[in-house]
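# Fold and geometry: a report
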Amino acid sequence: MLQNLRYAIRTMRKAPGFTAVAILTLALGTGANTAIFSVVNALVLRPLPLKDPARVLVISVSNPARGFRGSVFSLANYEAMRDRARSFELTGAFCFDALTLTGAAEPEQLAVARVSPNFFDVLGTQPLIGRGFRSAEGEASGQPVALISEALWRRRFGADRTILGRTLPLDSEIYTIIGVLPADYAFPSTGQDVWITRLMKYGRLQPEQIETGAGFLTGLVRLAPGVTLPQADSEVAALTQQVRQAHPRAPMSDPNAHLDLAPLQDSLTGQIRPTLLILTAAVAFVLLIACANVAGLMMARATGRSKEIAVRAALGASRKQLVQQLLVESVVLAAAGAAAGILIAAWGVEWLVKADAGANLPGFQPIRVDLAVLGFTVLVSLFTGVLFGLVPALEASRPNLIGVLRDSGWGTTGGAHRRRLRSLLVAGQMGLSIVLLIGAGLLLESFRRVSNVNLGFDTDHTLTARIALPPGKYPDGPKRAQFVHAIEQRVAQMPGVTAAAVSQSVPLGQVVLSPVLAEDQPIVPVGLRPLAQWNGATPDFFRVMGIPLLRGRFFTWADDDRAPRVLIVNQSLAQRFWPGQSALGKHVTFTRFQAPFEIVGRRVSTTLRHSDMEFSEYR
C-alpha cells in the first residue's frame, strides 16, 4: 500500500494540469458539502449543550381560527405553570428588552434578556464566573442584579476577574453584576449582552397590560422524570382554562387559543430546517457532478496510460493489484481535494454566520468546522475517491494486451464499451447539472418575484435607528411625547434628511395585536373579537415611508392627548367592517385602550394611531 501511495504521488506530480483540475473540482464539491454539514450538524444533529436537552420544552401560543402562532406567553400563564403544574420539574420564561448602558464610557444600547430567576436552572447552564439568580431577586421589590456576556465583560470591563459586585447603570437603574456567562453562550439569541430578572418590570408594556394578561413572554419548561408529552399537554390545557377564568380580558381568553409544547431544539430549527434540506440536496448534486467530471478525466487519463497498464499486466500484475493501484490514486486525489475543501468550508461557514448575523440561524451553539465535521469530510473524501475511481479502475485493469502493446494500439480509445461508459458519464453529468440548474432557476425566479412585490411603502434611501426610553426618566405620556417631538425635529434638520418620523415599529417589524370592536358591529366577548395590528407614529411617518392616503387626512401634532382619539386604518379593515361604505368618521374600540377612536383616514397598510403612544422602543 505504501508503494502504491508513493507511486500515486509520483504520477500526480508528472501530470500537474490534470491534478490541479481534479483537486479544484473535488475541493469545490467537498467544501460546499462540508460547509452545509457544519450548519446542519450544529443546528440539527448535535444535541444542545444542556442538561438532558430532550426534556427542555418551549411553550408557544396558537390560534388556528385566526391563523396565529407565536411565543406570547403571559405572566399569568407563567405563574400558573410555575406554581401549579406537576408535569414540570421547572418552569421558566424570558423576553427581550433593550436598555442603555451609561457611565464613564460612551453610552451603549445593550441587547437585554429579562428572564425568570430559575431560567438558567431550566437550561442547566452555569455561569463562567459568579452565580445565577435567586428567587427573591425575581420579585418586583427584589434587588436589581444582572449577568453579563463574556463579550461585554471583555469589551467594557477588560475581562476583570474582580467584576462581581461592580455596578452596571442601565437606563435609570443601577444593577449589580453577579456573574459572567460562558463565551459563545447565545440563548435566547445571538448578540445578547445582559440577562436580568423581574419580568413584571418589562418596559415595553404598561403594568396594567401585564396584569391583565398581555402576552410578551416565551415559556420554557423542563419535564419531570417519567412524564410524557401528552400528559404535560393535558395539564397545560387545564391550567390555561383556569387562567382564562381569572383574566377574561386577556388574549388567551379566546377559546380557540391554546398552548403548545415542543422540544427546544425543534422550535429553534423549525423555520430554518426546510432551507437546510434544500441546501443539502443542492450541494449533494454539486458533489455528484464533480465526481462524474473527475471520473471522466480519470477514464481519459487511463486511456493515455493504457500501454503502461498493459505492460504491468504482461509482467504478471493481477487485476486486483491494478485496481488497487488506480483506486489509491483516486483516493489520494480525493484526500487532496478534501484538504482544499476544508479551507473553502471554513471560509464559507464564517461567511454564512457573518452574513446571517443571527437573523435566521439560531445561535444556541457555535457553527464551526469541528471534529465531527472533519470526520464527515474524511468519509466524503473516501466515498468520492471510490465513487469516481472505481469505474475507470475496473475498465482500465482489463487491457487488450495484443492490441495495446502493438504500435498501432498506442493512443487507442478503448473500443465501443469504453466509449459507452464515457457517454454514460457525460449523460449523467449533464442530467445532474440540468436538474440543479432548473432548481436554481426556480429559486431565482421566486426570489425575483418576491423582490418585486409592492410592499405598500418605499424603502429606498430610508434609514432606521432604534431608541429605548428609560421608564424612570420618561414615566408618562407627556414626557415621552415631548422627547419624541424634539428628537424628530432635530433629526429632520440634519443635512441630507428630507423627512423624519418616529414610530413604535416599522412595517413588517414587531407586531402588536389587540382585539377590536368596530362601530355598527355586534358586541361580542373579547375573546371572539378580531385581532388588528396597530402601531403608534408621528405625523410625518406616512411621508417618510412613502405610503399614500386614499381618503381623509394625515395626523397632525394637534392630535395629542387633549384632542379626540383618532386613527388611520388600512383598506382591508375598512372593507371588512363597512363594505361599500366610507369608513371616515366611524369608530373603532381597541381592547387595549378602552375608549373608541374616530377614523380620519384610510391608507394601504396596517392600522396606526398617534395619540397615547407608549414610547419604550422605536425604529
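Here we summarise the structure given alongside this text.

Thresholds, definitions, all that
Along each chain, residue indices are assigned from 1 in the same order as the chain's sequence is written. pLDDT decides what is reported in this predicted model: residues at 70 or higher carry local features, side-chain atom pairs at 80 or more are listed and counted, and totals for whole chains, interfaces and linings draw on all residues regardless. The basis for every side-chain value is the complete set of heavy atoms in the structure, and neither hydrogens nor water enter the calculation. Secondary structure elements are taken from DSSP: a helix is a run of H or I of four residues or more, a strand is a run of E of two residues or more, and numbering for both begins at the N terminus. Any two residues whose heavy atoms approach within 4.5 Å at even a single point are treated as in contact. Note on areas: Shrake-Rupley with a 1.4 Å probe; residue coverage comes only from the protein chains shown. Where helices are involved, their axes are fitted lines through C-alpha atoms of the stretch in contact, as for all axes, and angles between N-to-C directions lie from 0 to 180°. Any angle that falls under 35 degrees is termed roughly parallel, while one over 145 is termed roughly antiparallel, one within 65 to 115 roughly perpendicular, and all others oblique. Throughout, the ten residues Ala, Val, Leu, Ile, Met, Phe, Trp, Tyr, Cys and Pro are labelled nonpolar, Asp, Glu, Lys and Arg are labelled charged, and all others, Gly among them, are labelled polar. A pair of aromatic rings is counted whenever rings of Phe, Tyr or Trp (Trp by its six-membered ring) have centres within 6.5 Å, and the orientation is called stacked for planes under 30 degrees apart, edge-to-face for over 60 and tilted otherwise. A 1.4 Å probe rolled over the protein chains alone gives each residue an accessible area, and that area as a share of the maximum for its type sets the label: buried under 20%, exposed over 50%, partly exposed in between. By definition, a salt bridge exists where a carboxyl oxygen of Asp or Glu is found within 4 Å of a side-chain nitrogen of Lys or Arg. The patch calculation keeps residues exceeding 30% relative accessible area without a salt bridge and links them within 9 Å when they carry like charges or within 5 Å when they are nonpolar (Val, Leu, Ile, Met, Phe, Trp, Tyr). We define a nonpolar core as any set of buried Ala, Val, Leu, Ile, Met, Phe, Trp, Tyr and Cys residues linked to one another through side-chain atoms lying within 4.5 Å. By the convention used here, strands pair only if DSSP detects at least 2 bridges between them. Here a helix's expected span is defined as the number of its residues, less one, multiplied by 1.5 Å. What the arc covers is the set of directions going from the helix axis to the C-beta atoms.

Turning to the overall build of the protein, a few remarks are in order. When you go through the protein residue by residue, the secondary structure sums to 17 helices and 21 strands. Excluding contacts between residues fewer than 6 apart, the proportion of contacts in the protein whose partners are at least 24 apart in sequence is 77%. Here the protein displays about 30,500 Å² of accessible surface, and carbon together with sulfur accounts for 60% of that area.

The N-to-C vectors of helix H1 (residues 2–14) and helix H2 (residues 16–45) enclose an angle of 105°; their axes lie 5 Å apart at closest approach. Considered as vectors, H1 and H2 are oriented roughly perpendicular to each other. Contact residues: H1 offers Met12, Arg13 and Lys14, while H2 offers Pro16, Thr19 and Ile23. Residue composition of the contact of H1 with H2, by class: three nonpolar, one polar and two charged.

Counting across every chain of the model gives 10 aromatic pairs. Measuring from centroid to centroid gives 5.8 Å for Phe94 and Phe119, while their planes differ by 70°, and the two rings are edge-to-face. Taken together, the residues Phe94 in strand E4 (residues 88–101) and Phe119 in helix H4 (residues 119–123) connect sequence positions 25 residues apart. Using a relative accessible area of 0% as the deciding quantity, one classes Phe119 as buried. Aromatic side chains Tyr202 and Phe216 sit 4.9 Å apart centroid to centroid with 10° between the ring planes, which places their arrangement in the stacked category. Taken together, the residues span a long stretch of sequence, with Tyr202 in the loop between strand E10 (194–196) and helix H6 (207–211) and Phe216 in strand E11 (residues 215–223) at a distance of 14 residues. With a relative accessible area of 7%, Tyr202 lands in the buried category.

So, about the pattern of salt bridges. When the charged atoms of two side chains with opposite charge come close together, those side chains can pair. For the coordinates displayed, the defined rule picks out 17 salt bridges. The network of salt bridges with shared partners includes Glu108, Arg155, Arg156 and Asp193.

On to a nonpolar patch on the surface. Taken together, the side chains of Val426, Met430, Ile434, Ile438 and Leu442 make up a nonpolar region of the molecular surface, amounting to roughly 500 Å² of accessible area. Within the fold, Ile434 resides in helix H14 (residues 415–451). With relative accessibility at 45%, the residue Ile434 sits in the partly exposed group.

Turning to the nonpolar core, a few remarks are in order. Of all hydrophobic cores here, the largest spans 25 residues; its most connected members are Phe88, Phe216, Leu217 and Leu261. With four residues, E11 is the single largest residue contributor to this core. Counting 21 residues, the second-largest nonpolar core is a separate cluster that includes Leu50, Val56, Val115 and Tyr185.

This paragraph deals with the pairing of E11. Here E11 lies mainly inside the structure; eight of its nine residues are buried. As paired strands, strand E3 (residues 73–74) and E11 are joined by two bridges and run antiparallel to one another. In the strand pairing of E11, Ser74 is matched with Gly215.

This part covers H1. Its 13 residues place the ends of H1 19 Å apart at the C-alpha level, agreeing with the 18 Å of an ideal helix rising 1.5 Å per residue. Taken together, the buried positions of H1 are Asn4, Tyr7, Ala8, Thr11 and Met12. All buried residues of H1 project into a common sector of 140° when viewed along the axis, lining one side. For H1, the exposed residues lying more than 90 degrees away from the buried face are Leu2, Gln3, Arg6 and Arg13.

As paired elements, E4 and strand E5 (residues 108–115) share eight bridges and run antiparallel to each other. For Phe96, the partnering residue across the bridge sits in E5 and is Ala113. Where E5 and E10 come together, three bridges link them in parallel fashion. Among the inter-strand pairings, Val112 is bridged to a residue of E10, identified as Val194.

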